[in-house]
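Chain and residue survey
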Amino acid sequence: MANGNEREMSLSRVFWITLRRDLMLAYRRRNDLVSPLMFFLMVATLFPLGVSPDPQFLSEVAAGVVWVAALLATLLSMDSLFRSDFDDGSLEQMLLSPQPLSLLVFAKICAHWMISGLPLTLMAPLLGLMLFLPQEGMSTLVLSLLLGTPTLSLIGAIGAGLTVGLRKGGVLISLLVLPLYIPVLIFGTGAVQAASTGLPVGGYLAILGAILALGMVLAPLAVAAGLRISVSD
Amino acid sequence: MAKSWKMPTWFYRLGSPRWSFEIMGKLLPWFAIGAVVLMVWGAIWGLAFAPADYQQGNSFRIIYIHVPAAILAQSCYLLMAVAGAISLIWKMKVADMVAKSCAPIGATLALLALATGAIWGKPTWGTWWVWDARLTSMLILLFLYIGVYTLHSAIENEITAGKAGAVLSLVGVVNIPIIKYSVEWWNTLHQTSTFTMTERPAMPPEMYLPLLLMVIGFYCFFAVVLMLRTRAEILEREKRSGWVRELVEAS
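This structure is a prediction, so every number in the text was calculated from the model and none was measured. (Residues numbered from 1 in each chain as written. Chains lettered and ligands numbered in written order. Predicted model: local features only at pLDDT ≥ 70, side-chain atom pairs only at ≥ 80, totals over all residues. Heavy atoms only, no water.)

1. Thoughts on the environment of Val223 of chain A
Relative to the helices and strands, Val223 of chain A is located in helix α10 (residues 202-232). Judged by relative accessible area, which is 0%, Val223 of chain A ranks as buried. (Helix = DSSP H or I, 4+ residues; strand = E, 2+ residues; numbered from the N terminus. Buried < 20%, exposed > 50% of the residue type's maximum accessible area, 1.4 Å probe, protein only.)

Right, dumping it as structure tokens:
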């Protein structure tokens, strides 16, 4: 009994320690955190320049543009998820540790979301304003991103885990992961568009949540398998 | 309770590259004959003798290529994932080679389905491409194949590449139903015109039977191509073993 309890304790401690470690590492390299956010902002700026500055048109496409920009920004930051750990050998230590790798991976993904997906979500209303997103859609935009970006981090981690041993992982990740991002994109933009036109959004958000729940259960296992394969090479 | 769970013996024999190579060699001619007979029969019947559609005229005949290619493109992904799972679980070399051979074939079939669909769409819908749910999900399937194929070619070590490809195709299999339903939902939301692949009218047998022949013929053809590729892969990877050397010296 006591033994089992201890183990449980240690699992949650391992989770928090890994999470804290990754957040600390990210905090020490603050400049790296800003670049995906700047990318997010710039991609959204390109659309009015490239397509049309007409407010009417922009308010129609705003949901899609913000979501696509968030998706690409997440993708951009994905390669760094395991890269530095792989380079300095701490990834191998994680693989060798007696703790389940999927738990460590899950903690790392949570940290990654806090430093990429969460800031993106908080910045999204600004982009929504710039793109004339209808006022009614704003809160749904934030909510849908809040539910959707963790899934993006989870799925992206699968690609990152499989390509971490490769020199040119960055481009490859997008090839592997982008098709898998499509459902999140569809339901995310669907929710915002429904909200903008005054339709109920509960269903969309519920599905985004369901995908997130499925991802939280399955993705860490796939990432762990992928990492074992990449590192054994 | 403690009794270990076993698969039938032939399943384990499949793990031997040599045995698989030989059994595939024996099966090849039969599938090749089946493919040629069924596809020639089905094509001549479908293209020359089946009645023209009352709405689409002769342009409907492309379904005799389009539908089998689309069906096969989907089955091929499933086969790739199952073979990948077998190679991950039982560490079976041949399953890994089958999975590797599936990716380029599946990608080609998906491309063929998309291309024939576009050619059919031009006279029927008046446009090459429509963002229809089924077209889009086939396009995504093509992307998934390209991902698996690229991952395979990016990793130099054959065994690592096989395992990584297997994990990716299993992730894809979990995702395919989600993608499929989400794309269908998206389509019904965004649909403004009635540009759907309208439910095909119940086909008369003289139109339906050639299609059935073509589908079975395509399956045989797929088996032939898959076995050829897998056999080549076996020879390539087992080139250091004695039986392959003997085989090469004998020929």
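2. What to know about empty space enclosed by the protein
Enumeration over the complete set of coordinates arrives at three cavities of 30 Å³ or more. Quantified by volume, the second largest cavity comes out at close to 40 Å³. Around the second largest cavity, the lining residues are Leu175, Leu176 and Leu180 of chain A together with Tyr77, Phe143, Leu144, Gly147, Val148, Leu168 and Gly172 of chain B. Elements supplying a minimum of two residues to the lining of the second largest cavity: α9 (169-196) of chain A together with α5 (133-154) and α6 (158-190) of chain B. Per-element accounting of the lining of the second largest cavity gives the leading share, four residues, to α5 of chain B. (1 Å grid on protein atoms, 1.4 Å probe; cavity = no way out; pocket = protein on both sides within 12 Å on 5 of 7 lines; lining within 4 Å. Points joined across faces, edges and corners; volume = space filled by probe spheres on them.)

3. Description of the environment of Phe106 of chain A
Residue and element names in this part refer to chain A. Secondary-structure assignment places Phe106 in helix α6 (residues 101-115). C-alpha of Phe106 to C-alpha of Ala195: the two residues are 89 residues apart in sequence and 32 Å apart in space. Residues within four places of Phe106 in sequence aside, it is in contact with Phe15, Leu154, Met216 and Pro220. (Contact = heavy atoms within 4.5 Å.)

4. Concerning the interface of chain B and chain A
Each partner contributes residues to the interface: chain B has 26 residues there, and chain A has 23 residues. The contact between chain B and chain A buries some 2200 Å² in all, and 85% of this surface belongs to carbon and sulfur atoms. For the pair chain B and chain A, the number of links is zero salt bridges. For the pair chain B and chain A, the interface holds zero residue pairs in polar contact (both at pLDDT 80 or more). Sorting the residues of the side of chain B that touches chain A by element identifies α5 and α6 of chain B as the ones contributing at least two each. Ranked by residues supplied to the side of chain B that touches chain A, first place goes to α6 of chain B with 17 residues. When the residues that make up the side of chain B that touches chain A are grouped by side-chain class, the tally is 17 nonpolar, eight polar and one charged. (Buried area = accessible area lost by both parts, 1.4 Å probe. Salt bridge = Lys/Arg side-chain N within 4 Å of Asp/Glu carboxyl O. Polar contact = N/O pair within 3.5 Å; in protein donor to acceptor, adjacent residues only side chain to side chain. Nonpolar A, V, L, I, M, F, W, Y, C, P; charged D, E, K, R; others polar.)

5. Side note on the packing of aromatic side chains
Under the definition given, this model contains five aromatic pairs over all chains. Both rings, one in Phe15 of chain A and one in Phe106 of chain A, keep their centres 5.8 Å apart while their planes meet at 35°; by these two values the pair is tilted. Of the two residues, Phe15 of chain A sits in helix α1 (residues 2-28) while Phe106 of chain A sits in helix α6, which places them 91 residues apart along the sequence. Given a relative accessible area of 15%, Phe15 of chain A falls into the buried group. For the pair Phe21 of chain B and Trp243 of chain B, a centre-to-centre distance of 5.4 Å together with 55° between the ring planes defines the contact as tilted. In this pair, Phe21 of chain B is assigned in helix α2 (residues 17-49) and Trp243 of chain B in helix α8 (residues 242-250), connecting sequence segments 222 residues apart. Among the aromatic residues, those joined into a cluster by ring pairs are Phe15, Trp16 and Phe106 of chain A. One residue, Arg30 of chain A, lies across the ring of Tyr27 of chain A, its end atom 4.5 Å from the ring centre. (Phe/Tyr/Trp six-rings, centres within 6.5 Å; stacked < 30°, edge-to-face > 60°. Lys NZ or Arg CZ within 6 Å of the ring centre and 35° of its normal.)

6. A look at the nonpolar core
Among the nonpolar cores identified, the biggest contains 124 residues, and Phe40, Phe82 and Leu227 of chain A are the most heavily contacted of them. When sequence neighbours within four positions are dropped, the list of residues in contact with Phe40 of chain A reads Val66, Ala69, Ala70, Ala73, Leu120, Met123, Ala124 and Leu127 of chain A. Residues Ile186 of chain A together with Ala133, Ile140 and Trp186 of chain B belong to the second largest nonpolar core, which totals seven residues. (Core = buried A, V, L, I, M, F, W, Y, C linked by side-chain atoms within 4.5 Å.)

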